[in-house]
Amino acid sequence: MDGKRSFSRRGFVGGVATALGYLTLDPASRAWAQSATARAPRPKLSTDEYDTLAKLANNENPYGPSEAVMKAMTQSFKYANRYGYPDGGITKAIAEHHGVKEENVLIGSGSGEILDVACNTYLRNGRKILSSEPSYDVIFEHVTAYKAGTIRVPSLPDFRQDIPGLVAAARAYSRDIGFIYLCSPNNPTGRIVTKQEIAQLLDGIPRDMPVLIDEAYFHFVEDPDYETSIPHVFEGRPVMVTRTFSKIAALAGMRLGYAIAPKEMISDMRPYATGTINAIVKWGGVAALTDTETQAKVKRLTVDLRKRTTAELQSLGYAVIPSEANFFMVNLRRPVPPVIEEFKKKGVLVGRPFPPLMEHLRVSVGTADEMSRFLTAFKEIVPGARTAKAG
Ligand SMILES: Cc1ncc(COP(=O)(O)O)c(C=O)c1O
């Protein structure tokens, strides 16, 4: 197996014909090394400094929680001193929102906790996670923490995930795989896996192989070929879908996410969940689920700003990966780490490097003002950008 060859050396090959020859079969050590380069500790800034920065690094919602959500959270502060407080019926509200039973819902302190719990539950006995490369790198940190390994299938040349490649790897390594992690829209590329491809994946892999489909950015998608995978949870297969209140509902700092999964998967995972979700966000979450008007507005503003910003980058001659999320990647055609530092000097925080895409910069979509600060900085930092012609 060609596990030692680095992705950048072999280039962006992708495709099922090459997938098995090229996929990376990593021990925990490489996953750790990669995540160590990818995720520097978050900078400690004073509140004044923090407030002035254009925050385009973490795919957050720049508009903050809606009025209805703020009201619900403010009213629930009276429970701050309690353990046995009314929680607004958050699990029931999530279940009803999706038309499922409460036994199919597991809430976590952010969907990040759910990913952690899934790793703890399904990566025992040396089992590995099968995923695309690149994908949400924090899952690989969890993998490392459990001393498990990863099997990663390179994305296709257009940065879509290689579904036939994932199927082939799932079959070839079925005994080693604890679960498949599929992020759609994928972080960091923003590309989706279509509903047809999800069906293709589920049809192709062993029926008893657990699959986690991460829909953190579900709410931003416009492509009609995209659909939630929640119906697949009820096909008698170990399929789980994760969602978060951090993005569309702007509650990243408050921490609330959840899994929708078959009852048996929820029971297997529950013992590993901490249950440390605060009273305030439970009430905020209930209010957010019904506040569809604000969500539609956030989606409209975000998608519009993403399209305007990426169109300008393209007119400056820089290719952008087509995104369906609240972030995008622009190809700088030069190593990205020093560019990230230059942006920081200008008060613009942009995304960390996502190996193996070391020349692509991930930019979250902020407010109109933040995007114009980003574009101004881009023209100053990236040589030739100011004068480049459309291409
Ligand atoms: C793809 C993906 N999944 C999960 C998460 C975790 O989000 P949270 O723990 O805030 O719910 C993130 C955060 O950025 C993400 O990008």
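Residues numbered from 1 in each chain as written. Predicted model: local features only at pLDDT ≥ 70, side-chain atom pairs only at ≥ 80, totals over all residues.

Caption draft 1: View of the overall build of the chain. Check the secondary structure of the chain and you find 15 helices and 13 strands. The 391 residues of the chain split such that 48% are buried. Once local pairs closer than 6 in sequence are excluded, the contacts in the chain between residues at least 24 apart make up 76%. (Helix = DSSP H or I, 4+ residues; strand = E, 2+ residues; numbered from the N terminus. Buried ≥ 20, exposed ≤ 12 C-beta atoms within 10 Å, placed from the backbone. Contact = placed C-beta atoms within 7 Å.)

Caption draft 2: Geometry of the pairing of strand β3 (residues 105-108). Burial of the side chains of β3 extends over both faces: V105 and I107 are buried on one face and L106 and G108 on the other. Direction of pairing for β3 relative to strand β9 (residues 257-260): antiparallel, over a ladder of 4 bridges. Across the sheet, I107 pairs through a bridge with Y258, a residue of β9. (Pairing = 2+ DSSP bridges.)

Caption draft 3: Quick look at the confidence of the model for the chain. Of all residues in the chain, 87% have pLDDT values of 70 or greater, and the mean over the chain is 90. Across residues 1-14 the pLDDT falls below 50, and counting only partners more than four positions away or on other chains, this stretch makes 24 contacts in the model. Counting interchain partners and residues more than four positions distant, the pLDDT-below-50 stretch residues 27-38 has 24 contacts. (pLDDT = per-residue confidence, 0-100.)

Caption draft 4: Geometry of the sheet that holds strand β10 (residues 320-321). One open sheet accounts for 3 strands, arranged β10-β11-β13; its pairing is antiparallel. Edge strands, defined here as strands with exactly one partner in the open sheet, are β10 and β13 (360-364). Two elements, β10 and strand β11 (residues 327-331), share 2 bridges in a ladder whose sense is antiparallel. Pairing of V320 across the sheet is with V330, part of β11.

Caption draft 5: Local environment of helix α5 (residues 67-75). Buried within α5 we find V69, A72 and M73. Each buried residue of α5 sits inside an arc of 95° when the element is viewed along its axis, so together they form one side. The exposed residues of α5 that point more than 90 degrees off its buried face are E67 and T74. Close packing links the buried residues of α5 with α12 (279-290). (Arc of directions from axis to C-beta.)

Caption draft 6: Layout of the pairing of strand β8 (residues 239-244). Counting buried residues in β8 gives 6 out of 6 residues, a clear majority hidden from the surface. Neither face of β8 is exposed, since V239, V241 and R243 on one face and M240, T242 and T244 on the opposite face are all buried. Pairing of strand β7 (residues 211-214) with β8 involves 4 bridges; the strand directions are parallel. Residue D214 lies in a different strand from β8, and its bridge partner there is T242. For β8 and β9, the ladder comprises 4 bridges, and the chain directions are antiparallel.

Caption draft 7: Representation of the site of the ligand. Around the ligand there are 13 residues in total, and G110, S111, G112, T244 and S246 lie nearest to it. Across the shell around the ligand, the residue classes break down as 4 nonpolar, 8 polar and 1 charged. (Near = placed C-beta within 6 Å. Nonpolar A, V, L, I, M, F, W, Y, C, P; charged D, E, K, R; others polar.)

Caption draft 8: Structural detail: the packing of helix α9 (residues 163-172) against helix α10 (residues 195-204). The N-to-C vectors of α9 and α10 enclose an angle of 15°; their axes lie 9 Å apart at closest approach. With respect to α10, the axis of α9 lies roughly parallel. Helix-helix and strand crossings are classified by hand; for α9 and α10 the assignment is right-handed. Touching I163, L166 and V167 of α9 are E197, Q200, L201 and G204, all from α10. Each residue belonging to the contact of α9 with α10 can be placed in one class, and the counts come to 4 nonpolar, 2 polar and 1 charged. (Axes fitted to C-alpha atoms, helices over the stretch in contact; angles between N-to-C directions. Parallel < 35°, antiparallel > 145°, perpendicular 65-115°, else oblique. Left-handed = near helix turned anticlockwise from the far one by under 90°.)

Caption draft 9: Main features of unusual backbone geometry. Here E133 and P134 are connected by a cis peptide whose omega angle stands at 0°. With omega at 5°, the peptide bond leading from P355 into P356 counts as cis. Along the polypeptide, P356 turns up in the loop between β12 (348-350) and β13. With phi around 55°, N59 is a residue other than glycine that occupies positive phi space. Looking at the element boundaries, N59 is found in the loop between β2 (54-56) and α5. Within the chain, R333 stands out as a residue other than glycine whose phi angle is a positive 60°. Note that R333 resides in the loop between β11 and α14 (336-345).

Caption draft 10: Geometry of the environment of V286. Its location among the elements puts V286 in helix α12. Accessibility expressed as a C-beta count within 10 Å gives 21 for V286, which makes it buried. Along the primary structure V286 and I90 are separated by 196 residues, whereas in three dimensions their C-alpha atoms are 5.5 Å apart.

Caption draft 11: Looking closely at helix α7 (residues 111-122). Compared with the 16 Å implied by 1.5 Å per residue over 12 residues, the 16 Å span of α7 between its first and last C-alpha is a close match. Of all the 12 residues making up α7, 10 are buried; the element is thus mostly covered by neighbouring parts of the structure. Of the residues making up α7, those classed as buried are S111, G112, E113, I114, L115, D116, V117, A118, C119 and Y122. (Expected span 1.5 Å × (residues − 1).)

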